[in-house]
Amino acid sequence: MKNNLTGKIALITGASRGIGDAIIIALGKQGATVIGTATTKKGVENIDNKLKKLNIKGSSVILDVKEESQIVTVTKNIIDNYGKIDILVNNAGIVRDNLLMRMSFDEWDDVINTNLSSVYKMSKAVLRSMMKQRSGRIISISSVIGATGNAGQTNYAATKAGIIGFTKSLAREVGARGITVNAVAPGFIETDMTEKLPSEYKKELTGQIPLNKIGSVDDIANAVLFLASDSACYITAQTIHVNGGLYAS
Ligand code: NAP
């Protein structure tokens, strides 16, 4: 089966809840050994419990993706323990919305560091090992907002558009080494991140989605699974939009 990931080692950031939680399960169910990260003890416990319950091979680790020294240690430990990292999913992300006129530098910087600089740091940390084995998959979670923009989200949109440019460029650098680099750009997906949106806004938004519903975390996990699998071996430098038709690229 082309989706089978048996023997693959996958590292997923922000796997404690939401989209990352669905991704770790999707890859794990296809036989990958999955390592999920969270920022808290409770988060890693959630991951461990889920893996145990579903009989999925893998482990969890505390990681703040803003911290380069933690990234270096975590990726080195995984390579020491498991021998390699075949699949990196850059999923961790935050929003700190505000109109630019009111946006503090802290709000700007926090989102840039968490959503975009982390993708640079994580990808760099796994690349040497992928280059050596002449294969690898780097998949980063962008957003429809990176393509359309959104008032109140200049910081977030800049990071998500940045991921698309990063993906296209890195794909050109490492393609000859058998490494593919792609992005998935979700539309509006039911998670903690969108839970806070006012229900009126959600209703209005749903009306703009041709498939007439907000997406599920599994919709995104399925796209990531496809990109991680052999079925996608000739796909690189691309962004797959999974948004119910809200935006057509
Ligand atoms: P979520 O439910 O809020 O989960 C965010 C995840 O990121 C959590 O696992 C969180 O870990 C982790 N995280 C946050 N800051 C971190 C840091 N500094 N270091 C490491 N991990 C950190 O969000 P989500 O909706 O699943 O979003 C996942 C990704 O999809 C994000 O990149 C987001 O921008 C993108 N996305 C989401 C939507 C949507 O509609 N939901 C749409 C487009 C794109 P803790 O649990 O430890 O806090």
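Residues numbered from 1 in each chain as written. Predicted model: local features only at pLDDT ≥ 70, side-chain atom pairs only at ≥ 80, totals over all residues. Heavy atoms only, no water.

## Points about the environment of Leu 27
Moving on, step 1. Structurally, Leu 27 can be placed in helix H1 (residues 18-29).
Moving on, step 2. With 204 residues separating them along the chain, Leu 27 and Ser 231 place their C-alpha atoms 14 Å apart. (Helix = DSSP H or I, 4+ residues; strand = E, 2+ residues; numbered from the N terminus.)

## Side note on the site of the ligand
Moving on, step 1. Near the ligand you find 31 residues, and of these Ser 16, Thr 39, Asn 91, Tyr 156 and Thr 191 are the closest.
Moving on, step 2. Contacts to the ligand include Gly 14, whose backbone N or O atom sits 3.1 Å from an oxygen atom.
Moving on, step 3. In this structure, Ser 16 approaches the ligand through a side-chain N or O atom, which is 2.5 Å from an oxygen atom.
Moving on, step 4. For the ligand, whose accessible area on its own is 900 Å², the fraction buried by protein is 93%.
Moving on, step 5. Of all the cavities here, the one that holds the ligand is the largest pocket. (Near = heavy atom within 4 Å. Polar contact = N/O pair within 3.5 Å; in protein donor to acceptor, adjacent residues only side chain to side chain. Areas by Shrake-Rupley, 256 points an atom, 1.4 Å probe, with all protein chains shown as cover. 1 Å grid on protein atoms, 1.4 Å probe; cavity = no way out; pocket = protein on both sides within 12 Å on 5 of 7 lines; lining within 4 Å. Sits in = over half its atoms within 2 Å of the grid points.)

## Re the layout of surface pockets
Moving on, step 1. Quantified by volume, the largest pocket comes out at close to 1100 Å³.
Moving on, step 2. Every residue lining the largest pocket is counted, 46 residues in all, and those nearest its centre are Gly 93, Ile 94, Val 95, Thr 191 and Met 193.
Moving on, step 3. Looking at the lining of the largest pocket, the elements that each hand over two or more residues are H1, strand S2 (33-38), helix H5 (144-148), helix H6 (154-174) and helix H7 (192-195).
Moving on, step 4. In terms of residue class, the lining of the largest pocket is made up of 19 nonpolar, 19 polar and eight charged.
Moving on, step 5. Taken as a whole, the second largest pocket encloses approximately 220 Å³ of empty space.
Moving on, step 6. Taken together, Ile 79, Gly 83, Lys 124, Ala 125, Leu 127, Arg 128, Ser 129, Met 131 and Lys 132 make up the full set of residues lining the second largest pocket. (Points joined across faces, edges and corners; volume = space filled by probe spheres on them. Nonpolar A, V, L, I, M, F, W, Y, C, P; charged D, E, K, R; others polar.)

These values are about where atoms sit, not about what they do.
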